Amino acid sequence: METLVRIAEALGRFSARYVPSAFAIAVLLSLFTLGLAVGWTETPAPAVLDAWGAGFWELLGFSMQMALVMFSGYLLALTRPVRALLEWLAARAQGPRSAVVLMAAVSMGLAYVNWGLSLVASAMLVRFVARRRPDVDYRLLVACAYFGLGATWHAGLSASAPLLVATPGHFLEKQLGVIPIDRTLFSPFNLGLTLAVVGGLTLLAWALHPRPERTVRVDPALLEQFRDFEPPARPAERSPALWLDHAPWLNAVFGGLGLVWFARLLWLHGGYRALNLNAVNFLFLTLAVLLHTTPARLLKASEEAASVLHGIVLQFPLYAGIYGIFKATGLTERIGQLFVSLSTARTFPAIVYLYSGVVNYFVPSGGSKWAIEAPYLLEAARTLGVAPEKVVLAYAWGDMATDLIQPFWALPLLAVARLEFKDILGFLLVAFLLYLPLVTLAFLVWG
């Protein structure tokens with residue numbers, strides 16, 4: 001146990017000295033991808049540059065969705081009922097080790113249900129646990145809040161690739177047919193592997209917490225920033241405009257209509273299967289409007305919620321540019337062909353898992369990347385005689401594996417926690433180095 005802590009601390013010191021900011025990582029990855037496309041594909045350098053520049057706007061809709069995930073979730077966390085729930089959860093932590101175990105379990109459990117929910121709720125819970133347990137190692141606490149995005153989301157109920165191939169009319173239906181989720185998400189292999197990973201990482205969170213004398217505690221000045229939200233006072237002046245801004249009926253009507261729409265969505269489209277990023281954002285925003293009770297309170301909370309969006313606005317376009325290069329130059333096919341050439345029928349699922357993790361580090365977008373990779377991966381699987389559901393699951397697990405060491409999805413969490421990615425990378429690297437061989441071995445055995 002102490003050895004793991006020392007390894008994590010050594011990796012943390014290395015990260016603090018040599019790993020730059022998340023923005024610098026995005027720029028370096030952009031330059032590396034540009035060079036790789038020029039040197040390894042037949043695309044002329046000017047065309048690669050054009051693909052990069054045009055790609056900046058490929059994920060605008062997704063970037064806005066992510067901004068709303070963070071914004072609406074933050075708004076919701078500032079309401080009295082949600083704050084009370086988070087306080088109750090934080091109170092379950094009876095010591096620093098139980099605090100990180102709680103955070104890891106909540107993060108992975110929520111990510112299994114819905115990755116957007118985990119991203120927001122885990123980020124908010126960090127603040128409440130840190131306030132209640134200032135003796136916890138704050139770096140490890142934030143790292144554990146990120147476990148769900150790297151360990152369970154693409155094996156759960158919001159998994160992009162498995163849900164897509166289970167949907168009638170999907171873009172690969174003629175080649176693949178429809179693969180129901182009882183052959184992917186609810187297969188014994190996927191459920192068993194998920195339980196093993198959740199149990200392993202939860203135990204690792206407990207083992208990684210340093211001794212009290214080595215613990216890095218949350219900055220007291222930062223705790224001051226985590227103070228409770230104070231709603232605006234009702235002004236003494238009377239006017240129709242002020243009456244509307246401080247009256248609860250507008251929020252109540254809006255919230256009621258939103259809940260009716262959301263209930264109809266679930267009723268008409270298969271319950272939880274209707275949940276996607278837009279649906280979650282709509283629900284969060286509706287509940288935030290309803291629970292903040294008045295327009296004036298909602299608007300003041302919005303000012304605070306908007307303060308955590310800078311990382312998304314600044315850095316997501318850079319990753320969209322990398323995505324544009326992969327999409328337009330054939331770079332993904334080149335990498336895929338290399339991995340496939342090294343495969344046999346037995347090793348192919350494990351190779352797809354590793355390959356998907358490599359590409360995910362450069363293009364961290366599970367659904368969009370599947371559209372690029374799926375045709376030739378499935379064709380290779382057919383040639384090798386590998387069942388398509390194995391390819392889907394191997395892709396899904398690989399797609400989230402390198403999220404643990406990639407700052408893209410951590411940006412909203414880091415904005416709320418007020419940390420840099422390099423502050424938590426040491427702990428995440430230990431988790432990744434244990435998690436990667438475990439899942440690779442599972443796919444080798446399954447293959």
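None of the values given here were measured: they were computed from a predicted structure. (Residues numbered from 1 in each chain as written. Predicted model: local features only at pLDDT ≥ 70, side-chain atom pairs only at ≥ 80, totals over all residues. Heavy atoms only, no water.)

S.K.: Got a sec to walk through the overall build of the protein chain? Specific residues and values, please.
M.R.: A tally of helices and strands in the protein chain yields 24 helices and zero strands. At 23 Å, the protein chain has a C-alpha radius of gyration in line with the 22 Å of a compact globule built from 447 residues. When the backbone C-alpha atoms are referred to their principal axes, the protein chain occupies close to 75 × 55 × 45 Å. For the protein chain, the residues scored as buried account for 54% of the 447 residues in total. Of all intrachain contacts in the protein chain linking residues separated by at least 6 positions in sequence, the fraction that spans at least 24 positions is 83%. Of the charged side chains in the protein chain, 32 are positive and 27 negative; the average position of the first set lies 5 Å away from that of the second. (Helix = DSSP H or I, 4+ residues; strand = E, 2+ residues; numbered from the N terminus. Rg over C-alpha atoms; globule rule 2.2 N^0.38 Å. Buried < 20%, exposed > 50% of the residue type's maximum accessible area, 1.4 Å probe, protein only. Contact = heavy atoms within 4.5 Å. Lys, Arg positive; Asp, Glu negative; His and termini not counted. Charge placed at Lys NZ, Arg CZ, Asp CG, Glu CD.)

S.K.: Can you lay out the pattern of salt bridges for me, pointing to particular residues and giving the numbers?
M.R.: This structure, assessed with the given rule, holds eight salt bridges. The salt bridge involving Glu87 is made with Arg131; its shortest N-O contact spans 4.0 Å. Of this pair, Glu87 sits in helix α5 (residues 80-91) while Arg131 sits in helix α7 (residues 115-132), and the two are 44 residues apart along the sequence. Overall, Glu87 belongs to the partly exposed group, its relative accessible area being 23%. Assessed through its relative accessible area of 31%, Arg131 is described here as partly exposed. By sharing partners, the salt bridges in this structure join Glu87, Arg131 and Arg132 into a single network. (Salt bridge = Lys/Arg side-chain N within 4 Å of Asp/Glu carboxyl O.)

S.K.: Give me the lowdown on a nonpolar patch on the surface, citing residues and values where you can.
M.R.: On the surface, Trp243, Leu244, Trp249, Leu250, Val253 and Leu257 cluster together into a nonpolar patch covering about 580 Å² of accessible area. Residue assignment for the nonpolar patch shows that the elements contributing at least two residues are α14 (240-245) and α15 (249-268). Considering each element in turn, the nonpolar patch owes the most residues, four residues, to α15. Here Leu244 is to be found in helix α14. (Patch = residues over 30% accessible without salt bridge, like charges linked within 9 Å, V, L, I, M, F, W, Y side chains within 5 Å. Areas by Shrake-Rupley, 256 points an atom, 1.4 Å probe, with all protein chains shown as cover.)

S.K.: If you had to explain the nonpolar core to someone new, which residues and values would you point to?
M.R.: Ranked by internal contacts, the top residues of the largest apolar core, which has 144 residues, are Tyr138, Phe147, Trp397, Tyr435 and Phe443. If you tally residues by element for this core, the top one is helix α24 (residues 421-446), at 13 residues. Among all residues touching Phe147, those that are not within four sequence positions of it are Ala104, Ser107, Met108, Thr152, Leu201, Ala205, Leu404, Leu428 and Ala431. (Core = buried A, V, L, I, M, F, W, Y, C linked by side-chain atoms within 4.5 Å.)

S.K.: Help me get a handle on the confidence of the model for the protein chain, residues and values and all.
M.R.: The share of residues in the protein chain with pLDDT of 70 or more is 96%, and the mean pLDDT across the chain is 86. At the level of individual helices and strands, the protein chain shows its lowest average pLDDT in helix α13 (residues 220-225), which scores 71, and its highest in helix α12 (residues 188-208), which scores 96. (pLDDT = per-residue confidence, 0-100.)

S.K.: Talk me through the packing of helix α4 (residues 60-77) against helix α17 (residues 295-305); I want residue IDs and the actual numbers.
M.R.: Running from amino to carboxyl end, α4 crosses α17 at an angle of 125°, the nearest separation of the two axes being 9 Å. One finds that α4 runs oblique with respect to α17. Note that α4 runs across α17; the crossing there is right-handed. Residues Phe71, Tyr74 and Leu75 of α4 pack against Leu298, Ala301, Ser302, Glu304 and Ala305 of α17. (Axes fitted to C-alpha atoms, helices over the stretch in contact; angles between N-to-C directions. Parallel < 35°, antiparallel > 145°, perpendicular 65-115°, else oblique. Left-handed = near helix turned anticlockwise from the far one by under 90°.)

S.K.: Break down the side chain of Asp137 for me, with residues and values.
M.R.: Mapped onto the elements of the fold, Asp137 is located in the loop between α7 and α8 (138-145). By relative accessible area, which is 0% here, Asp137 ends up buried. A distance of 3.2 Å separates a polar atom in the side chain of Asp137 from the backbone nitrogen of Leu140. With near-sequence residues (within four places) excluded, Asp137 lies in contact with His209, Pro210, Arg214, Thr215, Val216 and Phe427. (Polar contact = N/O pair within 3.5 Å; in protein donor to acceptor, adjacent residues only side chain to side chain.)

S.K.: Could you give an account of the packing of helix α22 (residues 388-401) against α24, with specific residues and numbers?
M.R.: Where α22 contacts α24, the axes come no closer than 11 Å and their chain directions differ by 175°. Considered as vectors, α22 and α24 are oriented roughly antiparallel to each other. On the side of α22, the interface is formed by Glu389, Lys390, Leu393, Ala394, Trp397, Met400 and Ala401, while α24 contributes Phe432, Tyr435, Val439, Phe443 and Trp446. Among the residues forming the contact of α22 with α24, the class breakdown is ten nonpolar, no polar and two charged. (Nonpolar A, V, L, I, M, F, W, Y, C, P; charged D, E, K, R; others polar.)

S.K.: Requested: an account of α4, with residues and values cited.
M.R.: Along its 18 residues, α4 runs 26 Å from first to last C-alpha, staying within 8% of the 26 Å computed at 1.5 Å per residue. With 13 of its 18 residues buried, α4 lies for the most part within the structure. (Expected span 1.5 Å × (residues − 1).)

S.K.: For the side chain of Thr215, give the residues involved together with the corresponding values.
M.R.: By the secondary structure assignment, Thr215 is in the loop between α12 and α13. Classification of Thr215 by relative accessible area gives buried; the value is 11%. There is a polar contact of 3.5 Å between the side chain of Thr215 and the backbone oxygen of Pro210. For Thr215, the side chain forms a polar contact with the main-chain oxygen of Arg211, separated by 3.0 Å. Sequence-distant contacts of Thr215, that is, excluding residues within four places in its chain, are made with Asp135, Val136, Asp137, His209 and Pro210.

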